[in-house]
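Remarks on the overall topology
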Amino acid sequence: MGPPFKYSTEEERIRARKTNQNKYTMKNWECQICNCIIRLGNKTNHLNSLKHRNKVFGADAEPWSCSDCDIEIQLHNKSNLVKSAGHIRNATNDDN
Ligand SMILES: [Zn+2]
Ligand SMILES: [Zn+2]
């Protein structure tokens with residue numbers, strides 16, 4: 001480990017940081033779920049995309065939202081959820 005590199009001016013330091021940021025966003029990122037390579041700068045967009053969300057929920061799985069628990073789950077998990085203590089508590093509170 002050598003001594004840390006010192007930038008001579010503030011401007012130079014800022015420019016170096018911007019270059020690093022560009023390098024970061026231009027880096028490739030692999031989505032293990034979709035099995036695709038995207039730019040790291042697009043990661044947030046990708047995670048919010050319908051394509052990616054469909055993969056998370058499963059290709060055939062339909063999302064189902066429980067208004068009592070205020071969550072979105074896979075439709076095929078619905079029967080488990082409605083039997084769960086947490087849901088029953090939420091549902092009972094709403095009924096009263
Ligand atoms: Zn993805
Ligand atoms: Zn629920």
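Conventions and cut-offs
Residues numbered from 1 in each chain as written. Chains lettered and ligands numbered in written order. Predicted model: local features only at pLDDT ≥ 70, side-chain atom pairs only at ≥ 80, totals over all residues. Helix = DSSP H or I, 4+ residues; strand = E, 2+ residues; numbered from the N terminus. Buried ≥ 20, exposed ≤ 12 C-beta atoms within 10 Å, placed from the backbone. Pairing = 2+ DSSP bridges. pLDDT = per-residue confidence, 0-100.

Helix and strand counts for the chain stand at five helices and four strands. Ordered by position in the sequence, the α and β elements of the chain form the string α-β-β-α-α-β-β-α-α. With 96 residues in all, the chain has 0% of them scored as buried.

Quick look at the pairing of strand S4 (residues 71-74) now. The side chains of a regular strand alternate, residue by residue, between the two faces of the sheet. Two elements, strand S3 (residues 63-66) and S4, share four bridges in a ladder whose sense is antiparallel. Bridged to Ser 65 within S4 is Glu 72. In sequence, S3 turns back onto S4 through a hairpin of four residues, with Asp 70 there showing a positive phi of about 60 degrees.

On to the pairing of strand S2 (residues 36-39), then. One ladder, built from four bridges, connects strand S1 (residues 28-31) with S2; its direction is antiparallel. The residue bridging Cys 31 from the neighbouring strand is Cys 36, located in S2. Counted along the chain from S1 to the antiparallel partner S2, the turn is four residues long, and its residue Asn 35 has a positive phi close to 60 degrees.

We now examine unusual backbone geometry. Non-glycine residue Asn 35 carries a positive phi angle of around 60 degrees. When you line up the elements, Asn 35 lands in the loop between S1 and S2. If you check the backbone angles, Asp 70 has positive phi at about 60 degrees while not being a glycine. Residue position: Asp 70 is located in the loop between S3 and S4.

Our next topic: the confidence of the model for the chain. Residues at a pLDDT of 70 or more form 89% of the chain, whose mean pLDDT is 83. For the chain, helix H3 (residues 50-57) is the element with the lowest average pLDDT, namely 80, and S2 is the one with the highest, namely 92.

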